[in-house]
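Read off the chains here:
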Amino acid sequence: MQATTQLLHSIPVDAQTGAIAVPIYQTSTFVQEAPGVNKGFDYSRTNNPTRQELEKIVAKLEKGSVAAAFSSGLAAIDAVIKLLESGDEIIAVNDIYGGAFRLFEKVYKKFGIRVSYVDMTDLSAIHRAITLKTKLIWLETPTNPTLKVADIRAIAAIARRYKLLFAVDNTFASPVYQQPLLLGADLVVHSATKFIGGHSDVIAGLVIAKDPEIGQQIKFYQNACGAVLGPFDSFLLIRGLETLHIRLKQHTETASRVAAYLKNHPEVGEVFYPGFGGVVSFRLKKDSSAAALRFVGATKLFHLAESLGGVKSLVSHPASMTHKTVDPEQRKAAGVTDGLIRLSVGLEDATDLVNDLEDAFQAVGEKSSSRKKTKTALLSI
Ligand SMILES: *Cc1c(COP(=O)(O)O)cnc(C)c1O
């Protein structure tokens, strides 16, 4: 059976009523027959039927044993870091999501957890960064926003050799294109706010564990710290999952066309697109904040906003938005220069999106350049 069929049919029909959609159990507590005697649920922070259904579907989709749904992607990352202790060290990917960097540096540092940042496409750099205190390798692949792809299988081998936990933030690839647990990772994390939710209408996070024991530890922190996903938001994620494969297929088709258009554009210096997914980044030849800010202010279909993975296209300027909290030197080293622009290519028609970008280039270049390419010429790209 194909993955999309499997996914759709892992969403159960409600046994009690026959409802084909998962019911939203919007309740905080559950009546008990006697103290401790219940129907499997006692309080919705600990467990809720709608959230439990989501967690089951996602565990299957990512080929894990246990999944836990959180109130945000960052809460999901936070739950994984809580597996560590003061004095432990993390080796993290250098062009890490800005919010994860802030969590590591501004929160966990003061609890005695140190993080070193390395280019994970360089396996020898990972080897060199390992110390006796290293406990966790933290990878994002493709990375945000330069979409660098690392070799999960090779990094998993390093993690196994040194007995390190290995977690992969799979937000950008989604389980459609990448299943890190099958490649040797121990934990997968998602900002389900992005492709899994898919409609820019929910903030949510997921952790999926390969090993049931580690999964139970994550569940413990989920309940003990309390950043759980509510029943309605859990329902929204289930609904998003139903169209995940078909959305990703279309995101990829449209983003590929946008990337091809940008590659041929004289004002674009470099294009970053791994060949799948909906995120395309590019560097303007005029690699300055002023030029990038003018461009992101000129698009009409691409709305200026943080986030990605929704049905409507978005444009952002990482240096002044998502990566603002990253130290400028480190930001530059990771390729997040001032003229870098990130697109989240949505489900609009590809030709309309390309035309919108062309209009923005023209609006920005009007004063300085006499370049006049007609829109019809672009339709063939
Ligand atoms: C957005 C994002 C996060 C954080 O998720 P939230 O749902 O915003 O808390 C983590 N990792 C990556 C790669 C992201 O894009």
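Calculation rules
- Residues numbered from 1 in each chain as written.
- Predicted model: local features only at pLDDT ≥ 70, side-chain atom pairs only at ≥ 80, totals over all residues.
- Heavy atoms only, no water.
- UniProt positions renumbered as here; feature names shortened; annotations may be inferred.
- Helix = DSSP H or I, 4+ residues; strand = E, 2+ residues; numbered from the N terminus.
- Rg over C-alpha atoms; globule rule 2.2 N^0.38 Å.
- Buried < 20%, exposed > 50% of the residue type's maximum accessible area, 1.4 Å probe, protein only.
- Domains from an automatic or database assignment.
- Contact = heavy atoms within 4.5 Å.
- Buried area = accessible area lost by both parts, 1.4 Å probe.
- Salt bridge = Lys/Arg side-chain N within 4 Å of Asp/Glu carboxyl O.
- Nonpolar A, V, L, I, M, F, W, Y, C, P; charged D, E, K, R; others polar.
- Phe/Tyr/Trp six-rings, centres within 6.5 Å; stacked < 30°, edge-to-face > 60°.
- Pairing = 2+ DSSP bridges.
- Axes fitted to C-alpha atoms, helices over the stretch in contact; angles between N-to-C directions.
- Near = heavy atom within 4 Å.
- Polar contact = N/O pair within 3.5 Å; in protein donor to acceptor, adjacent residues only side chain to side chain.
- Areas by Shrake-Rupley, 256 points an atom, 1.4 Å probe, with all protein chains shown as cover.
- Parallel < 35°, antiparallel > 145°, perpendicular 65-115°, else oblique.
- Left-handed = near helix turned anticlockwise from the far one by under 90°.
- Lys, Arg positive; Asp, Glu negative; His and termini not counted.

An unreviewed UniProt entry lists the protein under the name PLP-dependent aspartate aminotransferase family protein, with Flavihumibacter fluminis given as the organism. Taken verbatim from the UniProt record of the protein, the Cofactor (unreviewed entry) comment is "pyridoxal 5'-phosphate".

### Quick word on the overall build of the protein
Helix and strand counts for the protein come out as 14 helices and 12 strands. The globule rule puts the C-alpha radius of gyration for 381 residues at 21 Å, and the 22 Å found for the protein is close to it. The dimensions of the protein, computed from C-alpha atoms along their principal axes, are 80 × 55 × 35 Å. By residue count, 53% of the 381 residues in the protein fall in the buried class.

### Points about the domain arrangement of the protein
Accessible area lost upon the coming together of the parts serves often as the stated size of an interface. Each assigned domain of the protein is listed here: domain 1 (3-242) and domain 2 (245-380). The C-alpha centroid of domain 2 is placed 29 Å from the C-alpha centroid of domain 1. Between domain 1 and domain 2, the contact holds 32 residues from the first and 32 residues from the second. The three residues of domain 1 that bury the most area against domain 2 are Pro-145, Tyr-177 and Phe-195, which together make up 26% of that side's buried surface. On the surface where domain 1 and domain 2 come into contact, there are 0 salt bridges. For the side of domain 1 that touches domain 2, the secondary-structure elements that each account for two or more residues are helix 1 (3-9), helix 4 (98-107), helix 7 (174-177) and helix 9 (231-242). In terms of residue class, the side of domain 1 that touches domain 2 is made up of 17 nonpolar, 12 polar and 3 charged.

### Some words on the packing of aromatic side chains
The description of an aromatic ring pair uses the distance of the two centres, along with the angle that the planes make with each other. Enumeration over the complete set of coordinates arrives at 11 aromatic pairs. For the pair Phe-104 and Trp-138, a centre-to-centre distance of 6.1 Å together with 90° between the ring planes defines the contact as edge-to-face. Of the two residues, Phe-104 is situated in helix 4 and Trp-138 in strand 4 (residues 134-140); the sequence distance between them amounts to 34 residues. The pair formed by Phe-104 and Trp-138 is uniform in burial state, with each residue classed as buried.

### Remarks on the sheet that holds strand 3 (residues 114-118)
Read from one edge of the open sheet, 7 strands run 1-7-6-5-4-2-3, paired in mixed fashion. Two strands in the sheet have a free side with no partner beyond their single neighbour: strand 1 (66-70) and strand 3. Ignoring strand direction, the axes of neighbouring strands in this sheet form an average angle of 20°. Packed on one face of the sheet, helix 6 (residues 152-161) meets strand 4 and strand 5 (165-169) and runs near 155° to strand 5.

### Let's talk about the site of the ligand
Around the ligand sit 13 residues, and of these Gly-73, Leu-74, Asp-169, Thr-193 and Lys-194 come closest. Within the backbone of Gly-73, an N or O atom sits 2.8 Å from an oxygen atom of the ligand. A distance of 2.9 Å separates an oxygen atom of the ligand from a polar backbone atom of Leu-74. Expressed as a share of its isolated accessible area of 380 Å², the protein-covered part of the ligand is 92%. Considering every element that reaches the shell around the ligand, the biggest residue donor is helix 3 (residues 73-81), with 3 residues. Counted by class, the shell around the ligand contains 5 nonpolar, 5 polar and 3 charged residues.

### With respect to the pairing of strand 6 (residues 187-191)
Across the 5 residues that make up strand 6, a large majority, 5, are buried. The alternating pattern of strand 6 places Leu-187, Val-189 and Ser-191 and Val-188 and His-190 on opposite faces, both of which are buried. Examined bridge by bridge, strand 5 and strand 6 share 3 bridges and lie parallel to one another. Within strand 6, the position partnered with Val-168 by the bridge is Val-188. By the bridge criterion, 5 bridges tie strand 6 to strand 7 (residues 205-209) in an arrangement that is antiparallel.

### Here's the deal with the pattern of salt bridges
Applying the stated rule across the entire model yields 9 salt bridges. In this structure, Asp-119 engages Lys-148 in a salt bridge whose closest nitrogen and oxygen atoms are separated by 3.8 Å. Here Asp-119 is found in the loop between strand 3 and helix 5 (123-129), whereas its partner Lys-148 is found in the loop between strand 4 and helix 6, with 29 residues between them in sequence. In this structure, the salt-bridge partner of Glu-270 is Arg-283, at a minimum N-O distance of 3.3 Å. Pair noted here: Glu-270 is in strand 8 (residues 268-272) and Arg-283 is in strand 9 (residues 279-284), with a separation of 13 residues, a long-range link. Beyond isolated ion pairs, a larger network of salt bridges with shared partners links Arg-51, Glu-55 and Lys-219.

### Section: the packing of helix 3 against helix 4
Contact geometry for helix 3 and helix 4: axes closest at 10 Å, N-to-C directions at 40°. Judged on the interaxial angle alone, helix 4 and helix 3 are oblique. Crossing angle aside, the handedness with which helix 3 passes helix 4 is right-handed. On the side of helix 3, the interface is formed by Leu-74, Ile-77, Asp-78 and Ile-81, while helix 4 contributes Gly-99, Ala-100, Arg-102, Leu-103 and Phe-104.

### What to know about the side chain of Glu-62
If you trace the backbone, Glu-62 turns up in the loop between helix 2 (49-61) and strand 1. The side chain of Glu-62 is buried and forms no salt bridge, while Lys-63, the nearest opposite charge, is found at 7.5 Å. Among residues more than four places away in sequence, those in contact with Glu-62 are Asn-170, Pro-175, Gln-178, Gln-179, Pro-180, Leu-181, Val-188, His-190 and Ile-208.

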